[in-house]
Every structure is written in structure tokens, then in C-alpha cells.
Amino acid sequence: MARMSQSLSPETSAESVAPTGSAAPLLTVGFDLDMTLIDSRPGIKAAYEALSAETGTFIDAEQAITRLGPPLDEELAYWFPEAEIPAMADRYREMYPTYAIDPTPAMPGAREAIEAVQALGGRAIVVTAKHEPNARLHLKHLGIEPDAVIGWLWAEAKAGALREYGAQVYVGDHVGDVRGARAAGAVSVTVPTGPCPEPELLAAGADVVLADLTELPAWLAEYVRTREVREPARR
């Protein structure tokens, strides 16, 4: 069952999230990447294990993949001295395509969610904290084709890209995604497919919690029809 917050604040009303500029499409929906569109746990685990083997530094990769969402540097701080983090982050990103792309599957409904936006004449964008070239590799490998990909942005920093593209809706799995959506004045649609359970997402201010992305096309069609945030119809 989808869950909704008790009320929709003025910042996320239909009027305040209308696209800006005459050239903008009628609908723009932003998506997070890790644990929203892709299940990056197998690939990230493999990349951390490779970095650990190369450096001789223990990294608990199983633990690391329970904390996906925040920037890479935050996770590396658990395992490396502060002075080494920039170099380790660079090396991890260099190794990432070799170890992380092939093992990473799409989340159920990911392709269909992107296509649902585009079928409505809208624009689907990916706004992620991930290194942008690696984000693009994942999407290409999985045949997911958004209209734009913007990387290196986490939590409230995502709001700049969402506002630039006139996004009315942002879909994510983490409380950081909720914060980004609300900072941008977008409707926060969430899926509890990452580290944050439904109650935590609602407490952070999510407007809607869907079970997973397979529920998004029906919810989105109703949102476009009414420009209101409603729970999807259930069979």
C-alpha cells in the first residue's frame, strides 16, 4: 500500500511546481539513481572489495552497502584517514566501471517509470550524488534512457538541478532525496527500496511513499490528470 503525508505544504502545491518557461515540457520528473532506479549494492560491494584488496585496508563492504545514498567521501571516512580520502575516492571511481557496472541490475519498474514520463510528453531526468560518468554507464548498460543526467549532487544540493529543469516531482529512496525535493518545491515521491523505511521517509516529509517503481506510472497518470497528490487506485 502506498502511504502519504497528512498534508501537502504550499511549497509542493500543484501551482508552485508548475514548469517555468514557455519552452519547458508540461511535465518534468526527476529520479534518484542508486536504490531508486538501480540496485547498485552488488556492484558497489565488488568495487569496495577491489579497493580494499588493492590498498590493503579493510573495508566492510557488506556494511557499506547498507548506507547507500550519501556522497562517497562520507563512506570512505569510515575506512581511511582524512588526508587519504580524496585519492581513495579518485581511485574508487577509476575502478568502478570495471567492477560495478555489470553486476548492477535495474530496480523493478525502472525502465517503465522513465518511459511513463516520456509517454506523457514529459521529460525524465536523473539527479544523483554519483560520479556522473559512472551514472551514465549504469543507465546505458541497462538500457534506461532519461532525457538528462546530472551527477555529484546530494540532498538539498539536488534542488538547484531540479529547479533548473523545472521538475514538479522528484522520486527517490532516501531522506536526502526528500530534502532535495522539498528544497526545490517539488512533490516528493519515495520508494522504500533503499536504506530508509517508509516511516522514516514520511517523517522526513515525503508526500507519497509507493511500494516500488512499478506503482509510479499509475500514480503519475493520475497526478497529471488532476495535478493533485493522491494515493494510487488499488485493484
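What counts as what
Residues numbered from 1 in each chain as written. Predicted model: local features only at pLDDT ≥ 70, side-chain atom pairs only at ≥ 80, totals over all residues. Heavy atoms only, no water. Helix = DSSP H or I, 4+ residues; strand = E, 2+ residues; numbered from the N terminus. Buried < 20%, exposed > 50% of the residue type's maximum accessible area, 1.4 Å probe, protein only. Contact = heavy atoms within 4.5 Å. Areas by Shrake-Rupley, 256 points an atom, 1.4 Å probe, with all protein chains shown as cover. Axes fitted to C-alpha atoms, helices over the stretch in contact; angles between N-to-C directions. Parallel < 35°, antiparallel > 145°, perpendicular 65-115°, else oblique. Left-handed = near helix turned anticlockwise from the far one by under 90°. Nonpolar A, V, L, I, M, F, W, Y, C, P; charged D, E, K, R; others polar. Salt bridge = Lys/Arg side-chain N within 4 Å of Asp/Glu carboxyl O. Core = buried A, V, L, I, M, F, W, Y, C linked by side-chain atoms within 4.5 Å. Phe/Tyr/Trp six-rings, centres within 6.5 Å; stacked < 30°, edge-to-face > 60°. Lys NZ or Arg CZ within 6 Å of the ring centre and 35° of its normal.

A. The arrangement of the overall build of the protein in detail. Scanning the protein from terminus to terminus reveals ten helices and seven strands. Within the protein, buried positions represent 51% of all 235 residues. Restricting the contact set of the protein to residue pairs at least 6 apart, pairs at least 24 apart contribute 64%. Taken as a whole, the protein presents about 10400 Å² of accessible surface, with 52% of it coming from carbon and sulfur.

B. Spotlight on the packing of helix α5 (residues 110-119) against helix α10 (residues 216-226). Contact geometry for α5 and α10: axes closest at 9 Å, N-to-C directions at 20°. In terms of their interaxial angle, α5 and α10 are classed as roughly parallel. Considering the relative orientation of α5 and α10, their crossing is right-handed. Taking contact as the criterion, the partners of Glu112, Ala113, Ala116 and Val117 in α5 are, on α10, Leu216, Pro217 and Leu220. In the contact of α5 with α10, the residues fall into six nonpolar, no polar and one charged.

C. Structural detail: the environment of Ala181. With respect to the helices, strands and loops of the structure, Ala181 is situated in helix α8 (residues 175-184). Sequence spacing of Ala181 and Leu162 is 19 residues, and the spatial spacing of their C-alpha atoms is 7.7 Å. Discounting residues that sit within four places of it in the chain, Ala181 has contacts with Leu162, Tyr170, Ala186, Val187 and Ser188.

D. The arrangement of the pattern of salt bridges in detail. Applying the stated criterion across every chain yields a total of 14 salt bridges. The salt bridge partner of Arg41 is Asp39, with a shortest N-O separation of 2.8 Å. Arg91 is the partner of Glu54 in a salt bridge, and the nearest nitrogen-oxygen pair spans 2.7 Å. Here Arg91 lies in helix α4 (residues 85-100) and Glu54 lies in helix α1 (residues 41-55), a separation of 37 residues in the sequence. Here Arg91 falls in the partly exposed class, since its relative accessible area comes to 28%. Overlapping salt bridges, with partners in common, bring together Asp32, Lys158 and Asp177 in one network.

E. Molecular detail of unusual backbone geometry. In this model, Met35 sits at a positive phi of 70°, which is unusual for a non-glycine residue. Along the chain, Met35 turns up in the loop between β2 (28-31) and α1. The buried category is assigned to Met35, whose relative accessible area is 2%. A positive phi angle is found at Ala155, which is not glycine, with a value near 55°. Residue placement: Ala155 occurs in the loop between β4 (148-150) and α7 (158-164). On the basis of relative accessibility, which here comes to 1%, the residue Ala155 falls in the buried class.

F. Highlighting the packing of α1 against α4. Running from N to C, α1 and α4 point in directions that differ by 125°, and their axes come no closer than 9 Å. Taken as axis vectors, α1 and α4 run oblique relative to one another. The interaxial crossing formed by α1 with α4 has right-handed handedness. Only Met88, Arg91, Tyr92, Met95, Tyr96, Tyr99 and Ala100 of α4 make contact with α1, whose side of the interface consists of Gly43, Ile44, Ala46, Ala47, Tyr48, Ala50, Leu51, Glu54 and Thr55. Considering only residue class, the contact of α1 with α4 consists of twelve nonpolar, two polar and two charged.

G. Representation of the nonpolar core in the model. Core analysis: the largest hydrophobic core is formed by 30 residues, its most contacted members being Phe31, Leu37, Val189, Leu216 and Trp219. Put simply, the parts of the chain that give this core at least two residues each are β2, α5, β3 (123-127), α6 (132-142), β5 (169-172), β6 (187-190) and α10. Sequence-distant contacts of Phe31, that is, excluding residues within four places in its chain, are made with Leu37, Ala113, Ile114, Val117, Ala124, Ile125, Val126, Val127, Tyr170, Val171 and Leu216. In terms of nonpolar packing, the next biggest core, distinct from the first, is built from 23 residues, Ala47, Ile65, Ala89 and Ile101 among them.

H. Layout of the packing of aromatic side chains. Evaluation of the coordinates by the stated rule reveals five aromatic pairs. Taking the centre distance of 5.0 Å and the plane angle of 35° together, the rings of Tyr48 and Tyr92 count as tilted. With Tyr48 in helix α1 and Tyr92 in helix α4, this pair connects stretches of sequence that are 44 residues apart. Given a relative accessible area of 4%, Tyr48 falls into the buried group. Summarising the aromatic geometry, the rings of Phe58 and Trp79 are spaced 5.9 Å apart at their centres and angled 90° between planes, so their arrangement reads as edge-to-face. One end of the pair, Phe58, is in the loop between α1 and α2 (61-64); the other, Trp79, is in the loop between α3 (72-76) and α4, with 21 residues separating them in the sequence. An aromatic cluster is built from Tyr48, Tyr92 and Tyr96, whose rings are joined through pairwise contacts. Cation over ring: Arg67 sits above Tyr78, and NZ or CZ is 3.9 Å from the ring centre.

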